[in-house]
Amino acid sequence: MSEANLENPGSLENKVIATTDLPSVPDEEFELLDPRYLWLRWMGNGFFAIVIIVVASVVTIVARDVVIPWLPAAIASGLLLLTALSAWLQWLEIEHLGYLVRTHDLSYRSGVLSRSVITVPFARVQNVTIERGPLERWQGLASLEVKTAAGELFGGLTIRGLDHDTAQRLRVMVADRAAVLADAEEQSEVQLEDQPVAPPQSYPPDRPQSEPPLSQPFEQ
Amino acid sequence: MDQAPNSQLEAQDRALLAVPTRQSPVAVVFLILRFIRSLGIIQLGAAAAFIISGRVPASVLAAIPLVGSVILALMILSWWRHVFSLQADELIVAKGVLSQERLSIPLNRVQSVTVEQNLLNKVLGLVSLRVDTAGSDHPEFAIDAINRQRADAIQRLAAGGQKARSGTQLEQAWAGPVLAPDGSLVPKPTSSPPSANDEEVLVARTPGELVRIALARWPWAGLLVLAPLLAFGGELGGELVGDRFGSDFFIARAIRNAQGASEGFELTSAIVLLVIGAALSLLALGAILGMILQVTQVVTTDWNLQVVRTSTGLRRTAGLFNTTSKASTITRVQQLRLAQSVLEQRFGFARVSLTTIGDGDMTIPGSSPDEVARLRSEVLPEADLAVPDRMIDPAWIWYSLRIEIVVIVLLGSVAMFVIPPWPLLALLAIPLRWWALRRQWRLRRWGVSSDTIVDRQQFFSWESVEMELFRAQSVQLSRSFFERRRGLATVAIRAAEGKVEIPMIPVADARYLRDLALHSAESSSRRWM
């Protein structure tokens, strides 16, 4: 859909959009993350494993009178097992992690057992930042954090494991798009007329006949 | 409308605010109270108990007043540094003890102004003020104790700024809570007619309606007021007695007591009747006490509750002792939530909650269907309203149940070692939960139109969320392993405040919903906040 040009309303295209024409998020076109990111996460895991071993050994040696001798070792091996498991899951995930940039939004795909795609429209972006921890700097990687007004947890997205150069270019692009769209929003209080989109034909409401009607006086 | 007095008033307001001012010194009292509350009354009580019992060494005792005076000095310093003024259409706030912070808030960015007057403020003729701006979800500017002329001036100028921004003519000054003859701040009385084309009263509650609202709530909810004391009483007792053996000491002792008690105990019918009678009368007493507390709480908090549509948004005023006036632009309202408990269904009214960006949603209890329709037309204007006529996949029942089965079995088997054979009763919970979850699934409906999405859930009481799609900040489509195997997905549409999440729908419909929400957010130039 072309940009609304307020100086020249005639240039606004506002075609009817059928269900099949609705832009959809194509799975195949996601850009994958840098494979070095996997090493980064494994290094983090390895570091965590070393910490567990050290703490367990220290506790075993120092507190051997108070604590059952095999307990710290048991807990430590449990935690190490979990770390190994998460490393394996991260290896599975790395082929799946990806991001997608379209004209109007940015998407990030993640997860192995529970897969999720989170999409943020550029018009909602409040903040774009690049973060680089010490390990990331060492590997030449960076994280791009995009925030909206919806808060920290799922209101925005964080793309880790980007090449530093790519991250910088992405940040500039996202910030520019967000600024352009924010300006357009402020100047126009006029509501764009969107053509209504029909719901998909293949989904009739599945309501058994014996159900009491749920429509209450409080619904329209 | 006569322009001259308004610009005169505006000039007066600006002149009044141009001089950098501090809050009233009373604000230090509020700071101290807040600090004490953050420490925790129970912790303070425990500390006092420690001191009284004489276990604290003298050096610590001597340090307490020293530490106290340092903290007091810091608070006085922070009050001294907190200065605000109005310069050229911007509210300039300077604060900070160690590092000076300078905040500048453009007046035309102010979207929500909340004025409150609690008992202490009432006595002194002061009010507290909170200002929210576009792009913030916490108060940009909060003042504990300011004189009402300044508060009114800020309100008026902010309203003027909003009007100027939205291009409407500057009309009569925006009236917040009005001054009663004795100088205190009271909500606008219902008897006064709404000004011509400026404000319209959408909702107004009489005391009788407030009592009915209170009676429609569960009586034991009123006892929640006493809950913190009850909850921490046990902790406090433990701390006082001494922590020599830790909490497992108490658990082991309790178990031994219970076992010992069950061995030497003769269960006569008289004792059983006595116990049942005592429990019932306690419940009844609790219910009566709770209802009284409930009625008192509702009547004093929501006294003269009014929702008024102003030229710049909505304003909700309420309160008897502690009066609150919360004004917000309509665009800040992200969702419309309705709820009706079983008792409220009997009485025939619903609870409306407008999810707004920032502190606190606007709640309007006791709303009739007419009022709900009026509020809906304010908050979701011209929207093609969605009808909740779709259901989620019944696999949701099994998905929710299996997690609960695992938990019940785990807890039950652990408890079997402690108190056999009672945990077997817990297995009864499983068919009960299945029935409950099935009912919840059967009564859950959602729906989507080109503009809005609605999600309605019901068990005995029901609640629903309605939201315009263009307010989406982010849209997430997720598929757990369970959902992937069945071709289902979950969609979560998040607004700046609140979200709508529809689980277990066919993945094609989930994708459609996601794409529709994105299309709405990306192609609409309507202000989402």
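Computed from a predicted model, the values in this text were never measured in an experiment.

(A) Inspection of the overall build of chain B at higher detail. What chain B contains, in helices and strands, is 17 helices and 22 strands. Within chain B, buried positions represent 43% of all 529 residues. For chain B, contacts bridging at least 24 residues in sequence account for 60% of all contacts bridging at least 6. Taken as a whole, chain B presents about 26200 Å² of accessible surface, with 65% of it coming from carbon and sulfur.

(B) The sheet that holds strand 7 (residues 141-147) of chain B, seen in detail. All names here are of chain B. Across the sheet, which stays open at both edges, the seven strands sit in the order 7-6-5-13-12-11-10 with antiparallel pairing between neighbours. Each edge of the open sheet carries a strand with a single partner, namely strand 7 and strand 10 (200-204). Adjacent strand axes in the sheet meet at a mean angle of 15 degrees when their direction is disregarded. Taken together, the six bridges between strand 5 (residues 110-117) and strand 13 (residues 323-328) define a ladder with antiparallel strand orientation. Looking at the pairing, threonine 114 lines up with lysine 326 of strand 13.

(C) Looking closely at the environment of leucine 202 of chain B. Within the secondary structure, leucine 202 of chain B is located in strand 10. Aside from chain neighbours lying at most four places away, what touches leucine 202 of chain B is Val307, Val308, Arg309, Leu314, Glu371, Arg374, Leu375 and Glu378 of chain B.

(D) Region of interest: helix 17 (residues 507-523) of chain B. Look at helix 17 of chain B: 24 Å from first C-alpha to last across 17 residues, which is about the 24 Å you get at 1.5 Å a residue. Judged by how many residues are buried, helix 17 of chain B sits mostly within the fold: 15 of 17 residues are covered.

(E) How the structure looks around the sheet that holds strand 2 (residues 83-87) of chain B. Residues and elements named next belong to chain B. The strand order across the open sheet formed by four strands is 1-2-3-4, and the pairing between neighbours is antiparallel. The strands lining the two open edges of the sheet, one partner per strand, are strand 1 (21-22) and strand 4 (101-106). Bridge count between strand 2 and strand 3 (residues 90-95): five bridges; the pairing is antiparallel. Bridge pairing links valine 83 to alanine 94 in strand 3.

(F) The arrangement of the nonpolar core in detail. Residues Ile392, Ile453, Val491, Ile493, Ile502, Ile505 and Leu513 of chain B are the most contacted members of the largest nonpolar core, which totals 35 residues. Sorting the residues of this core by element identifies helix 13 (395-416), helix 15 (429-443), strand 17 (445-448), strand 19 (462-468), strand 20 (474-479), strand 21 (488-494), strand 22 (499-506) and helix 17 of chain B as the ones contributing at least two each. Here this core gets eight residues from one element, more than from any other, and that element is helix 17 of chain B. Sequence-distant contacts of isoleucine 502 of chain B, defined by excluding residues within four places in its chain, comprise Ile392, Arg444, Trp446, Ile453, Asp455, Ala489, Thr490, Val491 and Leu513 of chain B. Counting 27 residues, the second largest nonpolar core, distinct from the first, contains Tyr99, Leu106, Val120 and Ile159 of chain A.

(G) Inspection of the environment of glutamate 101 of chain B at higher detail. Residue and element names in this part refer to chain B. The residue glutamate 101 is located in strand 4 in this model. For glutamate 101, a relative accessible area of 43% gives the class partly exposed. C-alpha separation for the pair glutamate 101 and phenylalanine 460, spaced 359 residues apart in sequence, amounts to 51 Å. If sequence neighbours within four positions are ignored, glutamate 101 has contacts with Val93, Ala94 and Lys95.

(H) Spotlight on the pairing of strand 14 (residues 333-340) of chain B. All names here are of chain B. Buried residues dominate strand 14, accounting for seven of its eight residues. Sheet topology places strand 14 next to strand 15 (residues 350-356); six bridges connect them, and they run antiparallel. Within strand 15, the position partnered with valine 333 by the bridge is threonine 356. Relative to strand 19, strand 14 runs antiparallel, the two sharing six bridges. Of the residues in strand 19, the one forming a bridge with leucine 338 is serine 464.

(I) Representation of the pattern of salt bridges in the model. Applying the stated rule across the entire model yields 23 salt bridges over all chains. Taking the shortest distance from any N to any O, the salt bridge between aspartate 144 of chain B and arginine 34 of chain B comes out at 2.3 Å. With aspartate 144 of chain B in strand 7 and arginine 34 of chain B in helix 2 (residues 26-39), this pair connects stretches of sequence that are 110 residues apart. Two residues, aspartate 132 of chain B and arginine 332 of chain B, come together in a salt bridge whose shortest N-O distance is 4.0 Å. Residue aspartate 132 of chain B is found in strand 6 (residues 126-133), and its partner arginine 332 of chain B is found in the loop between strand 13 and strand 14; the two are separated by 200 residues along the sequence. The exposure class assigned to arginine 332 of chain B is buried, which follows from its relative accessible area of 0%. When salt bridges that share partners are traced, they join Asp34, Arg36 and Asp163 of chain A into one network.

(J) Examining the packing of helix 1 (residues 36-62) of chain A against helix 2 (residues 70-94) of chain A more closely. Residue and element names in this part refer to chain A. Where helix 1 meets helix 2, the axes come as close as 9 Å, and the angle between the chain directions of the two elements is 180 degrees. If you check the angle between helix 1 and helix 2, you find them roughly antiparallel. Counting all contacts with helix 1, which are made through Tyr37, Leu38, Arg41, Trp42, Asn45, Phe48, Ala49, Ile52, Ile53, Ala56, Val59 and Thr60, the residues of helix 2 involved are Pro72, Ala76, Leu79, Leu80, Thr83, Ser86, Ala87, Gln90, Trp91, Glu93 and Ile94. Grouping the amino acids of the contact of helix 1 with helix 2 by side-chain chemistry returns 16 nonpolar, five polar and two charged.

(K) Representation of a nonpolar patch on the surface. A grouping of Ile68, Trp70, Leu71, Ile75, Leu79, Leu82, Leu85, Trp88, Trp91 and Leu92 of chain A is seen on the molecular surface, where their side chains present a nonpolar patch of about 990 Å² in accessible area. Looking at the element boundaries, leucine 85 of chain A is found in helix 2.

(L) Structural view of the confidence of the model for chain B. Residue and element names in this part refer to chain B. Here chain B shows a mean pLDDT of 80. Residues at 70 or above account for 81%. This model gives residues 167-176 a pLDDT under 50, and the stretch forms 32 contacts once residues within four places in sequence are excluded. Note that residues 236-247 has pLDDT below 50 and, in this model, seven contacts with residues that lie over four places away or in other chains. Scoring the predicted complex yields pTM 0.73 and, for the interface, ipTM 0.75.

(M) Molecular detail of the confidence of the model for chain A. Residue and element names in this part refer to chain A. Of the residues in chain A, 69% reach a pLDDT of 70 or more, and the chain-wide mean stands at 74. Averaged pLDDT values for the elements of chain A fall to 80 in helix 4 (residues 164-187) and rise to 92 in strand 4 (residues 115-121). pLDDT under 50 marks residues 1-13. Its contacts with residues more than four places away, or in other chains, come to 18 contacts. Predicted confidence is poor over residues 15-19, with pLDDT under 50, and the contacts of this stretch with residues over four places away or in other chains come to seven contacts.

(N) Examining the packing of helix 2 of chain B against helix 4 (residues 58-81) of chain B more closely. Residues and elements named next belong to chain B. Following both chains from N to C, one finds helix 2 and helix 4 inclined at 135 degrees, their axes separated by 10 Å at the closest point. Looking at the two axes, helix 2 sits oblique to helix 4. Between helix 2 and helix 4 the crossing geometry is right-handed. Every residue of helix 4 that contacts helix 2 at Ala27, Val28, Leu31, Ile32 and Phe35 is listed here: Ile71, Leu72, Met75, Ile76, Ser78 and Trp79. Here the contact of helix 2 with helix 4 is composed, by residue class, of ten nonpolar, one polar and no charged.

Criteria and thresholds
Position numbers for residues start from 1 in each chain and track the written sequence from start to end. As they are written, the chains are lettered A onward and the ligands numbered 1 onward, keeping that order. It should be noted that, the model being predicted, local features are given only for residues of pLDDT at least 70 and side-chain atom pairs only at 80 or more, the latter also being counted only at that level, while totals for whole chains, interfaces and linings use all residues. As a convention, hydrogens and water are excluded, and side-chain values are obtained from all of the structure's heavy atoms. Every helix listed is a DSSP run of H or I at least four residues long, and every strand listed is a run of E at least two residues long, numbered separately from the N terminus. Each residue is placed in one exposure class: buried if its accessible area under a 1.4 Å probe, protein chains only, is under 20% of its type's maximum, exposed if it is over 50%, and partly exposed if it falls in between. Any two residues whose heavy atoms approach within 4.5 Å are treated as being in contact. In short, Shrake-Rupley with a 1.4 Å probe defines the accessible areas, and a residue's cover is counted only from the protein chains shown. The pairing criterion for strands is at least two bridges between them, as found by DSSP. Think of each axis as a best-fit line through the C-alpha atoms, taken over the contacting stretch in the case of a helix, with angles from 0 to 180 degrees between the N-to-C directions. The span one expects for a helix is its residue count, reduced by one, times 1.5 Å. Definition used in this section: a nonpolar core is a set of buried Ala, Val, Leu, Ile, Met, Phe, Trp, Tyr and Cys residues joined via side-chain atoms within 4.5 Å. Salt bridges are counted wherever a side-chain nitrogen of Lys or Arg sits within 4 Å of a carboxyl oxygen of Asp or Glu. If an angle is under 35 degrees, it is roughly parallel; if it is over 145, roughly antiparallel; if it lies from 65 to 115, roughly perpendicular; otherwise it is oblique. In this classification, the charged set is Asp, Glu, Lys and Arg, the nonpolar set is Ala, Val, Leu, Ile, Met, Phe, Trp, Tyr, Cys and Pro, and all remaining amino acids, among them Gly, are polar. Like-charged residues within 9 Å of one another, or nonpolar side chains (Val, Leu, Ile, Met, Phe, Trp, Tyr) within 5 Å, are grouped into patches, provided each residue has over 30% relative accessible area and no salt bridge. Each residue carries a pLDDT score, the predictor's own confidence in it, on a scale running from 0 to 100. Whether a crossing is left-handed or right-handed is set by the direction in which the near helix is turned from the far one by less than a right angle, anticlockwise for left-handed and clockwise for right-handed.

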